[in-house]
Amino acid sequence: MKKFNVVGKPVTRQDAYEKATGTALYADDYTFPGMLYGVMVRVPASHAIIDRIDYSAVAGNPAVTAIVDHNDIPAQKKVGPIKQDQPIFSWEKIVTPGDVVAMLVGQNETELLQLRDKVSVEFTALPVLTDPLKSMDPDAPRIHPQYENNAIVHYPLRKGDPEKGFAESDYIIEQTYTTQFIEHGYIEPEAVIAIPLGKAKGVKILGSIQNPHTTRKVVALVLGLPLTKVRVVQAEMGGSFGGKDDQMNILSARAAVAAVKTNRPVKIRFNREESILESYKRHPYHMHYKVGFTNEGKLKSMRIHITADGGAYASMSPFVTWRTVVQATGPYEVENVFTDVHAVYTNNPYTGAMRGFGSPQPIFAQEQIMDEIALKLGMSPLQIREINGFKTGSVTASGQKLDNHEVNLSTVINKAVEETNFVEKWQKNQKDNADVAKQLNFANDSEANQFILTKDQLIAPDKTWRKGIGLAASYRGCSLGAEGIDVTSAYLSVQLDGSAYLLCGLAENGQGLRTTFCIVAAEILGLTVDKIFYLEQDTAIAPDSGPTVASRSTLMGGGAVRNAAETIRERMVRSVADEWKVSADSITFANNTVSSSENNKSVTFADACGITYKHKENLATIGFYQAPEVSWEEETGQGSAYFTYVYGCQIAEITVNIATGQVYVEKVTAVHDPGTVLNLQGALGQVYGGVTQGVGYGIWEEISVHNGKIREMNLDQYLLPTSKEIDDITAIFIEGKDEHGAWGAKSLGEPTLELGAAAVANAIQNATGTRFYHNPINLEEILLNRKLYPEDLKRGSL
Amino acid sequence: MKKHIKFLLNGREMACEVEQNKRLLDFLREDLQLTGTKEGCSVGECGACTIIVDKLAVNSCLMLAVQVDGAEVMTVEGLMENGELSKMQQQFIDKGAIQCGFCTPGMMMSAYALIMHNPDPSVEEIKTAIAGNLCRCTGYKQIIEAVSCSCGK
Amino acid sequence: MIAQFEVLAPKTIQEALQLISGNPRAKILAGGTDVITGFHQGSSRFIDTTTLIDINHIPEMHAITETDSHIVIGAGTPFTHIVENPGVIKYFPLLAESCSVIGSLQIRNRATIGGNFINNAPCADSVPALLVYEAKIRIQSAISDREMPLADFLVKPYKTQLKPDEIVTEVILTKFDDGYKGNFYKLGRRRGVAISRLTIAVFGKVENDIITDIRIASGAVTPIGMRIAELEQKLIGKPANDDSLKEAAIELGKIILEKTGIRWSAPYKLPVMQQVCYQQLHTLVFGKE
Ligand SMILES: Cc1cc2nc3c(=O)[nH]c(=O)nc-3n(C[C@@H](O)[C@@H](O)[C@H](O)COP(=O)(O)OP(=O)(O)OC[C@H]3O[C@@H](n4cnc5c(N)ncnc54)[C@H](O)[C@@H]3O)c2cc1C
Ligand code: FES
Ligand code: FES
């Protein structure tokens, strides 16, 4: 393997200084002279026809500079990445409680907040649809009357002959799994400012925006402006995890409409409650799996029915669920597969992109099923995965042969197993905890007796904590796959003093992309990272590169940066070789110098730039990277879904208090093959952060919905993991070879998050002898096999 | 209704007029334009607004500005020492403890207050000190390492 | 969103009592962790408040004093001071422990013990420990000065015997003779910063294998933190064996059911409370494994 100078070494983040000193500016840190605030007006309904909006109680109020609603929108009133179903301001219907009918705009936000309840909205309530499984019933309320029914999308996948497969199976397991709504939980709530620049120049948007180019497109559509007249600049992002996309486009459009109307800068900032109320979530899934397998543990057939709750708007549901249909069978060879994935409308909060993007849900189901099969056959979780796991040359459910990269599934699993002594611990726990399953029923059994226990149900203190260990593995397609157009560009401009400007069209979301891109450019040009100055994300400069999603940034953006840097390097080599009359091959770039082994000459990188300039070569370029061909057959779900894949395995070690249902997570061991690790410290940070979110998904985090309304409105009820929840995390990388991107650097952000809940669920089974099918596996789930919710939405009820 | 207050802010004496119903967080961010201190929940759960008042870490969203009358206040802007990064700031940078950075100011304030009282904290003590500072990005591990390495040892 | 009000900062208890007397729209501001979030969420309990009387500048309000027989904690003492106080740790370890798991460090640095039980939320974590120690409180107004057991002071959720012109000034704890042991257990959904699902404090004495004294108090599972006197009576005098403890735990379930009826959380909380009670009594009697 090539020796690197910068790649894979610890490198300080580009933006760390500002962030460590409190000088980094996030959207809400900006104020402008004459700036106004926009405050949302909502309706206390989940599904209703808007009959009349009466502003008379606030219209004359001096605190209200302007009232903005759908009448102020000059062009397109509804937007959306795939289906244009989401209004900037609702005027016909309310389809979920987060909907906004108008915005009060004025200088004093506090006064506006007090005034907003005075706007009177007359509405006719409609039946509320909250159960996604009922949304396709003939008599289900129609969420969007313009569509024929409540279907957002349906993906079939058909391979082989599932019925024949079941007939050839020795065993069949059938099971239903469910997962919950999840809040992204970025610590910075949404904030954006729109600044009017006058008729000739349009409007500038500055905000906590994940994909500035998408925001630009939406704002331009809404205002009826050409793209060039909407300039979107990204403020420092206080976390996103996929959550600051659609929602920020909508908020940007609202602010922009108000800014144009008032001709003053308008800021919208959400508090936490409002953020949770309106922003989209991770999809809850209802998953039915039927799996046939032989006595030898070979998977024969799978039939999978999945319904994703898309909530009130389509948002990214079609993309999210497409990943699901590709990966639903997990990293295992299955000859016969029948999968149907549906996403449907309900009146629940809408769901869209979130880190994981359609994979954490099926992994929660399918990795538990693998353990169930192992238990049924008396095998270990390792054996069953060895028998069925992908190897080089394996064929996926969509008929894709995995032969263009190192298929490292068994490598990552074996490493994790070795590291934790998994098999031995798992077998010991299985034996030690054989008595638990029966005891664990005490709460349910007590129901008949008014919840009063019997003496033999009481558990002694020394028997109460049980150890469990659980494993989960996955494969994950890199980048957008056949679901989107996959190209990126990067701008690189080397200056005559040897420093360089760099900007990739893929925006930083807080995960450290800027640093990674600088590393790539620095490596190729033989520079130290500090020589590269990463420009502010601005749609006026950066080329559109599609969204920062699907963990595609390192791979795709890295590819474009590499292309740009190589182009410049070639030009420099040409010029220097010519100047020195040496062969191009003899020239090397390292440590800010350019040398030739032929004449043993070496000059500073800056001087080499001077030579290149003198040779009339352009020191600036736009690099480009195009994803290799992929394909997809809509009717059969067959094709080369993604051009390459990554592999991961996580093992969770926990203890469960079988008298209370408390789960303490002691250790998570995460082994990932992300391809080449470009930025070691950044990669470690992605693992620790992803594991923590994944475990949070499995145990504590849940948005529950009552009649369309959310119960957990702030961080006192929506429980993010604190510093005390996971005792330790170990991260290990296996750097598998791949020809794509920058030296085969692939993805890491999402694979780290998708495994935690499944690993924890398997560990809980190991500790309790009981399997839990409904995420999150919280206190009540463990003891009662169900969730408990207060009847009303009031806080603090017992 | 405004009230006159005097206090020490990052070592500088301050004398200000402040609305009595203003939260300390808003006073810092809006009146004094010290935007390093962040707001993430407004109810004491996230810790993004953490500052140090009279040597103790507190949530500035749960205090009124008038309450710092006569007190000694430190915010993230006061961490630099003679225009240089303090050891803790450097450690946060070096250990990769910063991703999106939104939790960082509050996190460093909690950690700084801990080290003022306990120059050699254990990992458990560090975890306890920052349990009221939510970080969604890092999983805390590199933060704990950074705090650990900021101590005298 | 915080309404208009003025903030007064008296330097002595007398001054504070004068300020609050005859001003029904005034409220005490201690740590502010309930008051200020209450304002933020537009809670009805604070809607009429026009004056806040900040007691943080009154030294007696946050002093902890120890005599041979007592420890007196100023009602305005933040939890951090209580948790770190050597006298409290030595003589009232359950109080130190329960205060140490309240909120986050930032909360404990501000939130006061008085505010905790005056707010009287079901999940006020300092209450069960105070109840098993039979804490008394001192309540003063410009014209009165009375003491009462905390147990009597707490009426129902978010309601106490406090009159509008009164301030709670002290929490008075009487030291115990040797031989008493106790345990406190808080069950939350998370390990860090958690609202209690249920809490229990048990405290008692075993002599010659007989339970000669026992006190049991619960929080979060009962409408407010409370002693379970009926159960204590039944246990006292019983042999300190596994069977009595099991009986007691089950009895606790019945008593709580009677007090609360079947709430939405009952299918979880009631059986678990019996488990936790059994385990805590077990540890009290037989020691830790
Ligand atoms: C993030 C967070 C986490 C929390 N976690 C926990 C937890 O784990 N366990 C728990 O028990 N609690 C928890 N709480 C609540 C806890 O902080 C409060 O109950 C606290 O103890 C109240 O004290 P305070 O000094 O802040 O009261 P304040 O908010 O100042 O006052 C509360 C009430 O009591 C009155 N009052 C206060 N002192 C006096 C006095 N001396 N005389 C007369 N009236 C008085 C006030 O007027 C007000 O009505 C949490 C709160 C937050 C914000
Ligand atoms: S904003 Fe103060 S704790 Fe979240
Ligand atoms: S670094 Fe993003 S929240 Fe901590």
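Relevant structure appears above.
This text gives an overview of the structure that appears in the document.

## Remarks on the sheet that holds strand 3 (residues 51-54) of chain C
All names here are of chain C.
- Strand order in the open sheet formed by 3 strands is 1-3-2, and the pairing between neighbours is parallel. Taken across any chain shown, the strands that pair with only one partner, and hence form the sheet edges, are strand 1 (6-8) and strand 2 (26-29). Averaged over all adjacent pairs, the angle separating strand axes in this sheet is 30°, with direction ignored.
- Here strand 1 pairs with strand 3 via 3 bridges, running parallel. Considered in strand 3, the bridge of V7 is made with L52.

## Comments concerning the pairing of strand 13 (residues 210-219) of chain C
All names here are of chain C.
- Among the 10 residues of strand 13, 8 are classified as buried, and the element is accordingly described as predominantly covered.
- Note: strand 12 (residues 196-207) against strand 13, 9 bridges, orientation antiparallel. The residue bridging K205 from the neighbouring strand is D213, located in strand 13.
- Counting the residues in the hairpin turn of strand 12 and strand 13 gives 2 residues, including N208, whose phi is positive at 50°.
- As defined by bridge partners, strand 13 adjoins strand 14 (residues 226-227) across 2 bridges and the pair is classed as antiparallel. Among the inter-strand pairings, S218 is bridged to a residue of strand 14, identified as M226.
- Between strand 13 and the antiparallel strand that follows it, strand 14, lie 6 residues; A220 among them carries a positive phi value of about 70°.

## Here we look at the sheet that holds strand 22 (residues 587-590) of chain A
Residues and elements named next belong to chain A.
- Ordered by their spatial adjacency, 3 strands build an open sheet running 22-23-24, and the pairing between neighbours is antiparallel. In this open sheet, the two edge strands, each paired with only one partner strand, are strand 22 and strand 24 (602-604). Averaged over all adjacent pairs, the angle separating strand axes in this sheet is 20°, with direction ignored.
- Where strand 23 (residues 593-596) and strand 24 come together, 3 bridges link them in antiparallel fashion. Across the sheet, T593 pairs through a bridge with T604, a residue of strand 24.

## A word on the site of ligand 1
Residue and element names in this part refer to chain C.
- Taken together, 34 residues form the shell around ligand 1, and within it I28, G31, T33, T112 and D125 come nearest.
- C123 places a polar main-chain atom, nitrogen or oxygen, 3.2 Å from an oxygen atom of ligand 1.
- For ligand 1, a nitrogen atom lies 2.9 Å from a polar atom in the backbone of V168.
- Here ligand 1 has 980 Å² of accessible area as a free molecule, and 93% of this is covered by the chains.
- Sorting the residues of the shell around ligand 1 by element identifies strand 2, helix 7 (113-119) and strand 10 (167-174) as the ones contributing at least two each.
- Broken down by class, the residue content of the shell around ligand 1 amounts to 21 nonpolar, 8 polar and 5 charged.

## Some details on the packing of aromatic side chains
- Enumeration according to the criterion identifies 27 aromatic pairs over all chains in this entry.
- Summarising the aromatic geometry, the rings of Y26 of chain A and F102 of chain B are spaced 5.2 Å apart at their centres and angled 80° between planes, so their arrangement reads as edge-to-face. Here the residue Y26 of chain A occupies a position in the loop between helix 1 (16-21) and strand 1 (36-42), and F102 of chain B occupies one in the loop between helix 2 (87-94) and helix 3 (104-117), the pair thus bridging two chains.
- Cluster of aromatic residues (ring-pair linked, three or more members): W322, F390, Y475, W632, Y642 and Y645 of chain A.
- It is K244 of chain A that lies over the ring of Y186 of chain A; its NZ or CZ is 4.4 Å from the centre.

## Details of the interface of chain A and chain B
- With 51 residues of chain A in contact, the opposing surface of chain B contributes 41 residues.
- When chain A packs against chain B, close to 3700 Å² is buried across both sides, 55% of that on carbon and sulfur atoms.
- Among the residues of chain A in contact with chain B, A20, I187 and S723 of chain A are the three that bury the most area, contributing 18% of the side total.
- At the boundary of chain A with chain B, the tally comes to 6 salt bridges.
- Here D728 of chain A and K141 of chain B are joined by a salt bridge, their closest N and O atoms 3.1 Å apart.

## Concerning helix 8 (residues 317-327) of chain A
- When you tally the buried positions in helix 8 of chain A, you get 10 out of 11 residues, the bulk of the element.
- Taken together, the buried positions of helix 8 of chain A are occupied by S317, P318, V320, T321, W322, R323, T324, V325, V326 and Q327 of chain A.

## Topic: helix 11 (residues 242-260) of chain C
- Between its first and last C-alpha atoms helix 11 of chain C spans 27 Å; for 19 residues at 1.5 Å apiece the expected length is 27 Å, and the two agree.
- Looking one or two residues beyond helix 11 of chain C, the residue adopting positive phi is G261 of chain C, at roughly 70°.

## A look at the interface of chain C and chain B
- Each partner contributes to the interface: chain C provides 29 residues, whereas chain B provides 30 residues.
- Roughly 2300 Å² is buried in total at the junction of chain C and chain B, and carbon and sulfur atoms are behind 57% of that figure.
- It is I36, Q106 and R110 of chain C in chain C that bury the most area against chain B; as a group they hold 25% of the surface buried on that side.
- Seen at the junction of chain C and chain B, the total is 1 salt bridge.
- A salt bridge links E45 of chain B to R190 of chain C; the nearest nitrogen and oxygen atoms lie 3.8 Å apart.

## As for the pattern of salt bridges
- Inspection of the entire model under this criterion finds 72 salt bridges over all chains.
- Among the salt bridges present, the one from D28 of chain A reaches R269 of chain A, with a minimum N-O distance of 3.2 Å. In this pair, D28 of chain A sits in the loop between helix 1 and strand 1 while R269 of chain A sits in strand 14 (residues 266-269), placing the two residues 241 residues apart along the sequence.
- One salt-bridge network, held together by shared partners, links D28, D29, E109, K267 and R269 of chain A together with K22, R29, E30, D31 and K38 of chain B.

## Looking at the packing of helix 10 (residues 381-388) of chain A against helix 11 (residues 409-420) of chain A
All names here are of chain A.
- At a minimum axis distance of 11 Å, the contact between helix 10 and helix 11 shows a crossing angle of 165°. As judged from the angle between their axes, helix 10 and helix 11 are roughly antiparallel. Where helix 10 crosses over helix 11, the two elements pack in a sense that is left-handed. Here helix 10 contributes L382, R385 and E386 to the contact with helix 11, which in turn contributes I413, N414 and V417.
- A breakdown of the residues in the contact of helix 10 with helix 11 according to their chemical character gives 3 nonpolar, 1 polar and 2 charged.

The rules behind these values
Residues numbered from 1 in each chain as written. Chains lettered and ligands numbered in written order. Predicted model: local features only at pLDDT ≥ 70, side-chain atom pairs only at ≥ 80, totals over all residues. Heavy atoms only, no water. Pairing = 2+ DSSP bridges. Helix = DSSP H or I, 4+ residues; strand = E, 2+ residues; numbered from the N terminus. Axes fitted to C-alpha atoms, helices over the stretch in contact; angles between N-to-C directions. Buried < 20%, exposed > 50% of the residue type's maximum accessible area, 1.4 Å probe, protein only. Near = heavy atom within 4 Å. Polar contact = N/O pair within 3.5 Å; in protein donor to acceptor, adjacent residues only side chain to side chain. Areas by Shrake-Rupley, 256 points an atom, 1.4 Å probe, with all protein chains shown as cover. Nonpolar A, V, L, I, M, F, W, Y, C, P; charged D, E, K, R; others polar. Phe/Tyr/Trp six-rings, centres within 6.5 Å; stacked < 30°, edge-to-face > 60°. Lys NZ or Arg CZ within 6 Å of the ring centre and 35° of its normal. Contact = heavy atoms within 4.5 Å. Buried area = accessible area lost by both parts, 1.4 Å probe. Salt bridge = Lys/Arg side-chain N within 4 Å of Asp/Glu carboxyl O. Expected span 1.5 Å × (residues − 1). Parallel < 35°, antiparallel > 145°, perpendicular 65-115°, else oblique. Left-handed = near helix turned anticlockwise from the far one by under 90°.

Everything listed here is a matter of coordinates, which is why it stays silent on function.
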